[in-house]
Amino acid sequence: MRDSNQNKTPFFTKLKEYGNSHVAPFDVPGHKLGRIDNDLQKFAGKKLYLLDANSPVGLDHLNYPTGVIAEAQKLMAEAMQADKSYFLTNGTTTGILAMVMSVCKANDKIILPRNVHKSVINGLILSGAMPVFIKPNIDEYVGIANDVSFEAVKKAIDENLDAKAIFIINPTYFGVVSDLKKITDYAHEKNIVVMVDEAHGAQFYFSHRLPLGAMEAGADISATSMHKTAGSLTQSSVILTKGERIDHQRLRATLNMLQSTSPSSLLMASLDVARKTMYFHGKARINNILQLAKIAREKLKTIPGIKVIDKEYLLNQGCFDYDETKLMVKVSDLGLSGFDVYQIMKKKYNIQLELAESHMVLCVLTIGTTKQDLERLVLAFKKLASEYNKIKDKLPKIEFRYQFPETYVRPRDAYHAPKHLIKLEDAYDEVSAESIMIYPPGIPIIIPGEVITEEVVRDIKFYKEKGGSLQSDIDNDTDIDYVQIVDKENWIKYEGDLI
Ligand SMILES: Cc1ncc(COP(=O)(O)O)c(C=O)c1O
């Protein structure tokens, strides 16, 4: 039974009323509801500015909502099977920081897969929490990191019964999910909080044909990018919570610490209306998109040199489940890297893909995807394959080296310690003060506080030689010759109670 209350869009409705009310604005923002002339206003129209207000009377405050924002958040929670929701106007990045900082105090242990988004590592720095990493399942054929097995999670929990929280990605960027329900039940048995990154999973709440959303699986807290897959504007996300394990006062205080005191009304309105559309039309439109995706996959599978990474393949690899609104195509048998295909698709066919890795590209399908666009995509792959399939130089198979460096201090301590840059080959036995990531599969080789061993240096060199894309906190090109380390000589290691 649908709830007719979900027809309401309390925040958007009030915002529209305010914009049309001929108010004399002596508050900010300074564009005064569009009473200025500029190029954006000329292009996008005055209405865009009419919807950009900063907490005037009647429009509530995100920092302490009691009116229309509170109502809109309640509707969001109900639509997404949560007890409570919190609107975010700086993306799931802020949601993840707030989750980690509000659940974990300094030195609390948090169990997490190594392939987490960088905001989680930053959450460790800000909170002072201590990571306990789990190895995700790695697919060397496609060159990506996938889910974590229940067994790996159980082992980590059994070995760390004092852990405060476990962090799960639902789904990964590529659409793979872990057995969240089983993990949640086990973690709760051991009194461990389950927090979830649903940057790519907002659509799960609106279709039974997709994997379970975190709230449906009984998790305590999730950060969900409505903007990525549920149709709201970029940077609009939500935190969802369920049950009694979350301290809402601390969560609210943390959010107020991290978010602007001038949250965007446009973004909040977009959350309100995206929720309504998904609630009433999500199921049918997701069914439609799954059908279109199936047809596209069947056509793509007939193209020589192209390999579709589908649910059947992933389940055979031992993955728990897969979100079929993601479309993964392995292109390296054409003799091209995913990065090449990403560029060619845009330049030659005006098709913008979501992501490229060495061997594959990722397309994200949502309720906004059309049949015509999918047909264009399939046709472009056909043309691409007919042009490049003659190339005989296949890309070499990816070889992954993988280890967990030893932790010397918490990420937070390394972040605050005095640091200096040294040449990579001189960095043996030093403590890293930065993260170095390798793409694919998007796993940090080292994070702040870990010891740079000979193997770490060897792995960084190995990936560089193989043309892998390396990213560090301080150096965004792939030429990582220097690494930032803790300056131990000038560092007084804090040995008291950790803060
Ligand atoms: C797995 C994952 N988590 C979190 C984020 C951050 O989400 P947002 O862009 O909403 O800040 C991203 C962004 O791409 C992501 O891929």
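Above this text sits the structure in question.
Attention in this report is confined to the structure presented alongside it.

Considerations on the overall build of the protein
Helix and strand counts for the protein stand at 16 helices and 22 strands. Taking 2.2 N^0.38 as the reference for a compact globule, 499 residues should give roughly 23 Å; the C-alpha atoms of the protein span a radius of gyration of 24 Å, in line with that estimate. Projected onto its principal axes, the C-alpha coordinates of the protein cover approximately 65 × 65 × 50 Å. A total of 499 residues make up the protein; the buried ones form 55% of that total. Long-range contacts, defined as pairs at least 24 residues apart, comprise 72% of the intrachain contacts of the protein with a sequence gap of at least 6. Looking at charge distribution, the protein has the averaged site of its 62 positive side-chain charges lying 8 Å from that of its 64 negative ones.

Considerations on the packing of helix α13 (residues 338-349) against helix α14 (residues 371-388)
With their axes 11 Å apart at the nearest point, α13 and α14 run at an angle of 110 degrees to one another. With respect to α14, the element α13 is oriented roughly perpendicular. The hand of the α13/α14 crossing is right-handed. Residues Val341, Ile344, Met345, Lys348 and Tyr349 of α13 form the contact with α14, whose participating residues are Arg376, Ala380, Phe381, Lys383, Leu384, Glu387 and Tyr388. In terms of residue class, the contact of α13 with α14 is made up of 8 nonpolar, no polar and 4 charged.

Section: the pattern of salt bridges
Counting across every chain of the model gives 18 salt bridges. Put simply, Lys326 and Asp323 hold a salt bridge, and the shortest N to O gap is 2.8 Å. With a relative accessible area of 1%, Lys326 lands in the buried category. Across the salt bridge formed by Lys348 and Glu387, the nearest N and O atoms sit 2.7 Å from each other. Here the residue Lys348 occupies a position in helix α13, and Glu387 occupies one in helix α14, the gap between them amounting to 39 residues.

What about the site of the ligand?
In the vicinity of the ligand lie 13 residues, with Thr92, Thr93, Asp197, His200 and His227 positioned nearest. In this structure, Thr93 approaches the ligand through a side-chain N or O atom, which is 2.6 Å from an oxygen atom. Interatomic distance of 2.7 Å between a side-chain N/O atom of His200 and an oxygen atom of the ligand. The protein chains hide 85% of the 390 Å² of surface that the ligand would expose on its own. Put simply, the parts of the chain that give the shell around the ligand at least two residues each are α5 (91-103) and α9 (226-229). With 4 residues, the top contributor of residues to the shell around the ligand is α5.

So, the packing of aromatic side chains
Think of a pair of aromatic rings as described by two things: how far the centres are apart, and how the planes are tilted against each other in angle. For the structure shown, the criterion picks out 5 aromatic pairs. One residue, Arg114, lies across the ring of Phe133, its end atom 4.4 Å from the ring centre. The aromatic ring of Tyr415 is capped on one face by Lys419, whose charged end is 5.3 Å from the ring centroid.

Overview of the environment of Asp487
Relative to the elements of secondary structure, Asp487 occurs in the segment after β22 (482-486). Measuring from C-alpha to C-alpha, the distance between Asp487 and Glu430 comes to 8.7 Å, with 57 residues separating the pair along the chain. A polar atom in the side chain of Asp487 sits 2.8 Å from the side chain of Asn490.

As for the pairing of strand β15 (residues 360-364)
Within a regular strand, side chains alternate between the sheet's two faces. The element β15 is largely enclosed, with a buried count of 4 among its 5 residues. Pairing geometry for strand β13 (residues 326-330) and β15, over 5 bridges, is antiparallel. In the strand pairing of β15, Val329 is matched with Val361. The pairing of strand β14 (residues 355-356) with β15 spans 2 bridges and is classified as antiparallel. The residue bridging Leu355 from the neighbouring strand is Leu362, located in β15. Connecting β14 to the antiparallel partner β15 that follows it, the hairpin turn spans 3 residues.

Details of the sheet that holds strand β1 (residues 84-88)
Strand order across the open sheet formed by 7 strands is β1-β10-β9-β8-β6-β2-β3, with mixed pairing between neighbours. Every other strand in the sheet has two partners, leaving β1 and β3 (130-134) as the edge strands with one partner each. Pairs of neighbouring strands in the sheet enclose a mean axial angle of 20 degrees, with direction left out of account. Where β1 lies against strand β10 (residues 237-241), 5 bridges are found, and the strand directions are antiparallel. Residue pairing for β10: Tyr86 is matched across the bridge by Ile239. Across the sheet, helix α4 (residues 68-79) lies against β1 and β10, angled at about 120 degrees from β1, the strand it touches most.

The rules behind these values
Residues numbered from 1 in each chain as written. Predicted model: local features only at pLDDT ≥ 70, side-chain atom pairs only at ≥ 80, totals over all residues. Heavy atoms only, no water. Helix = DSSP H or I, 4+ residues; strand = E, 2+ residues; numbered from the N terminus. Rg over C-alpha atoms; globule rule 2.2 N^0.38 Å. Buried < 20%, exposed > 50% of the residue type's maximum accessible area, 1.4 Å probe, protein only. Contact = heavy atoms within 4.5 Å. Lys, Arg positive; Asp, Glu negative; His and termini not counted. Charge placed at Lys NZ, Arg CZ, Asp CG, Glu CD. Axes fitted to C-alpha atoms, helices over the stretch in contact; angles between N-to-C directions. Parallel < 35°, antiparallel > 145°, perpendicular 65-115°, else oblique. Left-handed = near helix turned anticlockwise from the far one by under 90°. Nonpolar A, V, L, I, M, F, W, Y, C, P; charged D, E, K, R; others polar. Salt bridge = Lys/Arg side-chain N within 4 Å of Asp/Glu carboxyl O. Near = heavy atom within 4 Å. Polar contact = N/O pair within 3.5 Å; in protein donor to acceptor, adjacent residues only side chain to side chain. Areas by Shrake-Rupley, 256 points an atom, 1.4 Å probe, with all protein chains shown as cover. Phe/Tyr/Trp six-rings, centres within 6.5 Å; stacked < 30°, edge-to-face > 60°. Lys NZ or Arg CZ within 6 Å of the ring centre and 35° of its normal. Pairing = 2+ DSSP bridges.

Scope: geometric values only; no functional claims are made or implied.
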